[in-house]
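Per-entry structural report
What follows is the residue order along each chain.
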Amino acid sequence: MEEIREVGDRTYQLQVRIERSTYVYSVYIIHEEQAALIDPGPASILPAIERAMEHMGLGNLAYIIPTHIHIDHGGGTGSLAKRFPEAKVVVHELGKKHLVDPSRLVTSTKLAFGDNYETYLGPILPVPESRIIIPSDGMEIAAGKRKLRIIHAPGHAPHHIAVFDLKTKGLFCGEALGMRYPSAPESPTPSIAPPGYDMEIYLQTARKLAALNPRTLYYAHDGVGHTPDALIAALTKNTKIYTEGALDILRSTENDTEALSKIRDFIADRFGVDRAEADEGMAVAGFRVYFRKQEILPE
Ligand SMILES: [Zn+2]
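Values in this document were obtained by computation on a predicted structure and should not be read as measured data. Along each chain, residues carry numbers from 1 onward, in the same order as the chain's sequence is written. In view of the model being predicted, local features appear only for residues whose pLDDT reaches at least 70, and side-chain atom pairs are presented and counted only at 80 or more, with totals across whole chains, interfaces and linings using the full set of residues. The basis for the side-chain values is all heavy atoms of the structure; hydrogens and waters are excluded.

1. What to know about the overall build of the protein
For the protein, the count of helices and strands is 10 helices and 13 strands. A radius of gyration in this sense is built from C-alpha atoms; the matching globule rule multiplies 2.2 Å by the number of residues raised to 0.38. Scaling as 2.2 N^0.38, a compact globule of 299 residues should have a C-alpha radius of gyration of about 19 Å, and the protein matches this with 18 Å. Relative accessible area decides the class of each residue, using a 1.4 Å probe on protein chains only: under 20% of the type maximum gives buried, over 50% gives exposed, and in between gives partly exposed. Across the 299 residues of the protein, 58% fall into the buried class. Contacts are assigned to residue pairs with any non-hydrogen atoms lying within 4.5 Å of each other. Look at the contacts in the protein between residues 6 or more apart in sequence, and 65% of them connect residues 24 or more apart. Only runs of H or I of at least four residues qualify as helices and only runs of E of at least two qualify as strands under DSSP, and these elements are numbered from the N terminus.

2. A short note on the coordination of the zinc ion
For the zinc ion, every protein donor is listed as His68 (NE2), His70 (ND1), His156 (NE2) and Glu175 (OE), and the spread of their distances is 2.1 to 2.3 Å. Donor criterion used throughout: N, O or S atom within 2.8 Å of the metal, extended to 3.2 Å for Na, K and Ca. Water excluded; incomplete-looking sites may result. Between 85 and 135 degrees for all angles marks four donors as tetrahedral; over 155 degrees for opposite donors together with 65 to 115 for all other angles marks four donors as square planar and six as octahedral; every other arrangement is irregular. For the zinc ion, the 4 donor atoms in the first shell make angles of 82 to 175° at the metal, a pattern classed as irregular. Taken in chain order, the donor set of the zinc ion reads H-x1-H-x85-H-x18-E. One end of the pair, His156, is in the loop between β9 (146-152) and β10 (161-165); the other, Glu175, is in the loop between β11 (170-174) and α7 (199-210), with 19 residues separating them in the sequence. Glu175 shares its class with His156; the two are buried.

3. Some thoughts on the nonpolar core
In terms of nonpolar packing, the biggest core is built from 45 residues, with Leu171, Leu177, Leu209, Tyr242 and Phe287 touching the most fellow members. Taken together, the elements giving at least two residues each to this core come down to β10, β11, α7, β12 (216-219), α8 (228-252), α9 (256-271) and α10 (281-293). The leading source of residues in this core is α8, at 9 residues. Leave out the neighbours within four places in its chain, and Leu209 touches Ile151, Ala153, Ala162, Leu171, Ala176, Leu177 and Pro214. Only buried residues count toward a nonpolar core. Its members are Ala, Val, Leu, Ile, Met, Phe, Trp, Tyr and Cys residues joined through side-chain atoms within 4.5 Å.

4. Focus: the packing of α9 against α10
Two numbers describe how α9 lies on α10: the axes approach to 9 Å, and their chain directions differ by 110°. Relative to α10, the element α9 is oriented roughly perpendicular. For the pair α9 and α10, contact is made by Asp256, Ala259, Leu260 and Ile263 and by Gly281, Val284, Phe287 and Arg288, respectively. For this classification, the nonpolar set comprises Ala, Val, Leu, Ile, Met, Phe, Trp, Tyr, Cys and Pro, the charged set comprises Asp, Glu, Lys and Arg, and every other residue, Gly included, is treated as polar. Here the residues of the contact of α9 with α10 sort into 5 nonpolar, 1 polar and 2 charged. Helix axes use the C-alpha atoms of the stretch in contact, all axes being lines fitted to C-alpha atoms, and the angles between their N-to-C directions lie in the range 0 to 180 degrees. The scheme is simple: roughly parallel for angles under 35 degrees, roughly antiparallel for over 145, roughly perpendicular for 65 to 115, oblique for anything else.

5. Thoughts on the pattern of salt bridges
The term salt bridge refers to a side-chain nitrogen of Lys or Arg lying within 4 Å of a carboxyl oxygen of Asp or Glu. If you walk through the whole model with that rule in mind, you get 10 salt bridges. Here Asp256 and Arg288 are joined by a salt bridge, their closest N and O atoms 2.9 Å apart. With Asp256 in helix α9 and Arg288 in helix α10, this residue pair connects regions lying 32 residues apart in the sequence. For Asp265, the salt bridge goes to Arg275, with nearest N and O atoms at 2.5 Å. Of this pair, Asp265 sits in helix α9 while Arg275 sits in the loop between α9 and α10, placing them 10 residues apart in sequence. A residue is classified by how much of its surface remains accessible, and Asp265, at 40% relative accessible area, is partly exposed. Salt bridges sharing partners connect three or more residues here, namely Glu32, Arg146 and Asp165.

6. Topic: the sheet that holds β12
A pair of strands counts as paired when DSSP detects no fewer than two bridges linking them. Ordered by their spatial adjacency, 6 strands build an open sheet running β8-β9-β10-β11-β12-β13, and the pairing between neighbours is mixed. If you trace the sheet from one side to the other, it starts and ends with β8 (140-143) and β13 (224-225), each paired once. Here 4 bridges tie β8 to β9, and the two strands are oriented antiparallel to one another. Bridging across to β9, Ile141 finds its partner in Leu148. Of the strands in this sheet, β12 and β13 touch α8, which is tilted by about 55° from β12.

7. Concerning α9
Here, expected helix span is obtained from the residue count minus one, scaled by 1.5 Å. Taking 1.5 Å as the rise per residue, α9 with 16 residues should run 22 Å; its terminal C-alpha atoms sit 21 Å apart, in good agreement. Think of a polar contact as two N or O atoms within 3.5 Å of one another; within protein, one of them needs to be a possible hydrogen donor and the other a possible acceptor, and neighboring residues in sequence only count if both atoms come from side chains. Residue Asn255 occupies the N-cap position of α9, its side-chain oxygen lying 2.9 Å from the main-chain nitrogen of Thr257. In the stretch just after α9, Gly272 is the one whose phi turns positive, near 70°.

8. Observations regarding the pairing of strand β2 (residues 11-17)
For a regular strand, side chains alternate in direction, first toward one face of the sheet and then toward the other. Of all 7 residues in β2, 6 are buried, a share of seventy percent or more. The pairing of strand β1 (residues 3-8) with β2 spans 5 bridges and is classified as antiparallel. Paired with Glu3 across the bridge in β2 is Gln15. As judged from the 7 bridges shared by β2 and strand β3 (residues 24-30), these two strands associate in the antiparallel manner. Opposite Leu14, over in β3, you have Val27 as the bridge partner. From the end of β2 to the start of β3, which pair antiparallel, there are 6 residues, and Arg20 there has a positive phi angle of about 65°.

9. Description of the packing of aromatic side chains
To describe a pair of aromatic rings, you give the distance between the ring centres and the angle between the ring planes. Any pair of Phe, Tyr and Trp rings, taking the six-membered ring for Trp, is counted once the centres come within 6.5 Å. Such a pair is stacked with planes under 30 degrees apart, edge-to-face with planes over 60 apart, and tilted for the rest. Applying the stated rule across the entire model yields 11 aromatic pairs. Centroid distance Tyr28 to Phe172: 5.4 Å. Interplanar angle 65°. Geometry classified as edge-to-face. With a gap of 144 residues between them, Tyr28 in strand β3 and Phe172 in strand β11 connect regions that are remote in the sequence. Both residues of the pair, Tyr28 and Phe172, count as buried. Between the aromatic rings of Phe172 and Tyr218, the centroid separation amounts to 4.6 Å while the plane-to-plane angle is 20°, which identifies the pairing as stacked.

Printed below as a string of structure tokens:
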């Protein structure tokens, strides 16, 4: 069901499939004396994390770092924090209130995943405020002897952060540098979800992360990238093409089902993404919200 492997110097990747989602989801663990876990995923995968940690001989966590609070990345933060009561939770200031009081997160999760989301994604538990660290942009935390730099990385969501391991130059980019479909691993496309997507900010963040000269990209969806320059260049190009293509499609129809079908055809045609893998339901809503905010599409 899940797979744990060492993908860098004491850096482990746990790959899990989330029910009703077509893509593979990655949790990363940096195994140091003060271990850090990046992107806990939904609470339903907590048993898989526990099995992986046991396999690694790791008994505790010092840091839990959701790159952002969307349920598939950060939904399990509260459950994990409860399981490891010594761990600190590192979250962007704009995400903090939703971890402390997840009521709005629960409402938006119900809209996106249905009223019964808990049955397959698990509960969204609150995180006690005293456990939270709010990182300034560039703040460094010590995971044992290793320094992890927290980078503000908005665009997918305003509260998105990335983690840069100064020892290995590995960049844990969450969804800030897009996602890779298994059918098109060299051609990442931006991850679009309501209400936070913003193309200009997404591109700014891509430039900012490229300037770190990362050696490896650790994606939240589909694996590890060993050619960061080429991957970030492809993402930059694809972000513009995808956003322009989506605008044409959303101008042509107000019907979400039709728009989704056209968007799947578009990314299959332009980026070589297998249509059946294209989990773009969120993208339709995400682009609509964005174009309305930009006043390009009518309310
Ligand atoms: Zn997200």
